[in-house]
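# Notes for the structure review
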Number of protein chains: 2
Amino acid sequence: MKKIGVLLSGCGNMDGSEIHESVLSLLFIDKAGATAVCMAPEMTQTETVNHPKGETTGEKRQVLAEAGRIARGKIRPITDVNVENLDALIIPGGAGPIKNLSNYAEKGADLEVRHDVTMLIRAFYTAGKPIGAICIAPVVLAKALNAHSPTVTIGDDATTIENLKTFGASHEAQPVDGICIDEANKLVTTPAYMCGPGIADIAPGIEKLVNQVIAMTKG
Amino acid sequence: MKKIGVLLSGCGNMDGSEIHESVLSLLFIDKAGATAVCMAPEMTQTETVNHPKGETTGEKRQVLAEAGRIARGKIRPITDVNVENLDALIIPGGAGPIKNLSNYAEKGADLEVRHDVTMLIRAFYTAGKPIGAICIAPVVLAKALNAHSPTVTIGDDATTIENLKTFGASHEAQPVDGICIDEANKLVTTPAYMCGPGIADIAPGIEKLVNQVIAMTKG
């Protein structure tokens, strides 16, 4: 059975992993007969947001513990992950990838991706294993692999597209139900809530992404 | 367009709404062309659990704010809900229904359902509007409406089935992909993670529940 790593970064679209995109990834991995292996970095969230109010609260929360809510408790630190035991990696979107996995929300084109996240992504890449990224998460993927001139989609956000180009990535426009496939680098991306508007709109693109990622795995 | 109330009770299977069941409810409501209207009680969570560790943390979190993560911020207090504007109600499972909406986790057959939650459920019932409940949430539904001898399913948990009977409810065994329909009371229930085991296993029952609830709405 194929094992697909799912890199989470908190729990909630405003300060962590986008919950719908994460759950749909888990659904379609399971539906495809593969096993999801959830993981997250060990770090304090950059911020905690009261979602109904849209305001930061000052609370200190741990990314791994919060992400564990989406995983029903079954989650491991990314430093405990052995890439040899996994067949692919999928990164859902939300504020988590741009506030926790990287500082894109603050730095824009000058973003830095966390060292352990960069190492994880590059380990999958070097092993020739496919990587999927959803919504805004392709920014993290593209930065970690920018030496390989990756092509990704983030929908149609002009500023983000411009930022991607400054560090050597190419952008391919895709609708919410489309996927961008970078065959040479084995990368698959879909806009999801970068386009939206609703959960039924983003589901087909995520299902295509999961199935494409699994199709690109070896053996 | 039909408007379906979704009663949430936190964010996470160990101290709030079960995230997968909640997100699948939102998915299938949207897929059916209806609109989900998320709501939650204004209260402090009974407890906060570190999900990877399975341990309570002592943190005080608000049910409405945490449930708002699942709703991407769009959520209202249940006391602000006008049942006249909604066509049906769906209650996902998790620890939230038995720790926050009621004290079933502590009291078993002697549970009390929060007053505002009881009033909400009875308002839908009195208006002849259908109510769906998932996983362990049928216990809350059955207790709030026990005067009407409701029939529900919670899968096959012997203790819970016994408890349901003590307060006047009947139990109908159903597999994970089945739904129990109480036509007379317009109630629809499905076991979901009471049976499991995986997210792809629980999805068909939740889709049937959502579609059945919508089919039972008026007009």
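Residues numbered from 1 in each chain as written. Chains lettered and ligands numbered in written order. Predicted model: local features only at pLDDT ≥ 70, side-chain atom pairs only at ≥ 80, totals over all residues. Heavy atoms only, no water.

In the annotation of an unreviewed UniProt entry, chain A is listed under the name Dj-1/pfpi and assigned to Desulfoluna butyratoxydans.

Once that is clear, we can look at the packing of helix H1 (residues 19–31) of chain A against helix H8 (residues 199–216) of chain B. Remark: H1(A) packs on H8(B), axes separated minimally by 8 Å, with the N-to-C direction vectors making an angle of 105°. It follows from the interaxial angle that H1(A) and H8(B) lie roughly perpendicular. Side by side, H1(A) and H8(B) meet where Val23(A), Leu26(A), Leu27(A), Asp30(A) and Lys31(A) of the first sit next to Ile199(B), Ala200(B), Asp201(B) and Ala203(B) of the second. (Axes fitted to C-alpha atoms, helices over the stretch in contact; angles between N-to-C directions. Helix = DSSP H or I, 4+ residues; strand = E, 2+ residues; numbered from the N terminus. Parallel < 35°, antiparallel > 145°, perpendicular 65-115°, else oblique. Contact = heavy atoms within 4.5 Å.)

This part takes up the interface of chain B and chain A. Quoted interface sizes are often the accessible area lost when the parts come together. The partner chain A presents 35 residues to the 35 residues of chain B that form the contact. Taking both partners together, chain B and chain A bury about 2,800 Å²; carbon and sulfur atoms supply 60% of that area. In this assembly, chain B and chain A are joined by six salt bridges. Between Arg69(B) and Asp15(A) there is a salt bridge, and its shortest N-O distance comes to 2.8 Å. Joining chain B to chain A, the criterion identifies 16 residue pairs in polar contact (both at pLDDT 80 or more). For the side of chain B that touches chain A, the elements supplying multiple residues, two or more each, are helix H1 (19–31), strand S3 (49–50), helix H2 (63–70) and H8 of chain B. Each residue belonging to the side of chain B that touches chain A can be placed in one class, and the counts come to 17 nonpolar, nine polar and nine charged. (Buried area = accessible area lost by both parts, 1.4 Å probe. Salt bridge = Lys/Arg side-chain N within 4 Å of Asp/Glu carboxyl O. Polar contact = N/O pair within 3.5 Å; in protein donor to acceptor, adjacent residues only side chain to side chain. Nonpolar A, V, L, I, M, F, W, Y, C, P; charged D, E, K, R; others polar.)

Counting 149 residues, the largest nonpolar core has Ile121(A) and Ile121(B) as the members making the most contacts within it. Here this core takes nine residues from H8(B), the largest share from any one element. Those residues within four positions of Ile121(A) in sequence are excluded, and the remaining contacts are Leu89(A), Ile91(A), Ile131(A), Val140(A), Leu141(A), Ala144(A) and Leu145(A). (Core = buried A, V, L, I, M, F, W, Y, C linked by side-chain atoms within 4.5 Å. Buried < 20%, exposed > 50% of the residue type's maximum accessible area, 1.4 Å probe, protein only.)

This part covers the pairing of strand S6 (residues 88–91) of chain A. Residue and element names in this part refer to chain A. Alternating residues of S6 divide into Ala88 and Ile90 and Leu89 and Ile91, and every residue in both groups is buried. When strand S1 (residues 3–7) meets S6, the two strands line up parallel, connected through three bridges. Pairing of isoleucine 4 across the sheet is with alanine 88, part of S6. (Pairing = 2+ DSSP bridges.)

The next point concerns the packing of aromatic side chains. Summed over all chains, the structure comprises zero aromatic pairs over all chains. Arg72(A) extends its terminal NZ or CZ atom over the ring of Tyr193(B), reaching a point 3.5 Å from the ring centre. Taking NZ or CZ as reference, Lys143(A) lies 5.4 Å from the ring centre of Phe167(A), over its face. (Phe/Tyr/Trp six-rings, centres within 6.5 Å; stacked < 30°, edge-to-face > 60°. Lys NZ or Arg CZ within 6 Å of the ring centre and 35° of its normal.)

Residue and element names in this part refer to chain B. Along the chain, lysine 129 falls in the loop between helix H5 (115–126) and strand S7 (131–134). The side chain of lysine 129 sits in the buried core without any salt bridge; aspartate 87 is the nearest counter-charge, 5.6 Å away. Within the local environment of lysine 129, its side chain forms a polar contact with the backbone oxygen of valine 83, the two atoms lying 2.9 Å apart. Sequence-distant contacts of lysine 129, that is, excluding residues within four places in its chain, are made with Val83, Glu84, Leu86, Asp87 and Phe124. (Lys, Arg positive; Asp, Glu negative; His and termini not counted.)

Right, let's talk about the sheet that holds strand S2 (residues 35–40) of chain B for a bit. Residue and element names in this part refer to chain B. Judged by pairing direction, the sheet is mixed, and its seven strands sit side by side in the order S5-S2-S1-S6-S7-S11-S10 without closing on themselves. Both outer strands of the open sheet, strand S5 (76–77) and strand S10 (180–182), are each paired with one neighbouring strand and no more. Bridge count between S2 and S5: two bridges; the pairing is parallel. Of the residues in S5, the one forming a bridge with methionine 39 is arginine 76.

For residues that are not glycine, phi is negative in most cases, and the peptide bond is trans in most cases. Residue Pro197(A) is reached from Gly196(A) by a cis peptide bond, and omega for that bond is 0°. Checked against the element boundaries, Pro197(A) lands in the loop between strand S11 (187–190) and helix H8 (199–215). Phi at Arg72(A) takes a positive value of approximately 55°, unusual for a residue other than glycine. You can see Arg72(A) is positioned in the loop between helix H2 (63–70) and strand S5 (76–77). Arg72(A) gets classed as partly exposed once you look at its relative accessible area, which sits at 26%. Positive phi, normally seen in glycine, also occurs at Cys135(B), with a value near 65°.

In this section: the state of the cysteines. Here the structure, examined in full by the defined rule, presents zero disulfides over all chains. Free of any disulfide, Cys135(A) has its nearest cysteine sulfur in Cys195(A), 8.8 Å distant. The class for Cys135(A) is buried, based on a relative accessible area of 6%. Cys11(B) provides the cysteine sulfur closest to Cys38(B), a residue in no disulfide bond, and the two sulfurs are 12 Å apart. For Cys38(B), a relative accessible area of 7% translates into the label buried. (Disulfide = S-S within 2.5 Å.)

Residues and elements named next belong to chain A. Inspection of the secondary structure assignment puts valine 37 in strand S2 (residues 35–40). For valine 37, a relative accessible area of 10% corresponds to the buried category. Between the alpha carbons of valine 37 and isoleucine 90 there is a distance of 9.9 Å; along the sequence they are 53 residues apart. Residues in contact with valine 37, not counting those within four places in the same chain, are Lys3, Ile4, Gly5, Val6, Arg76 and Leu86.

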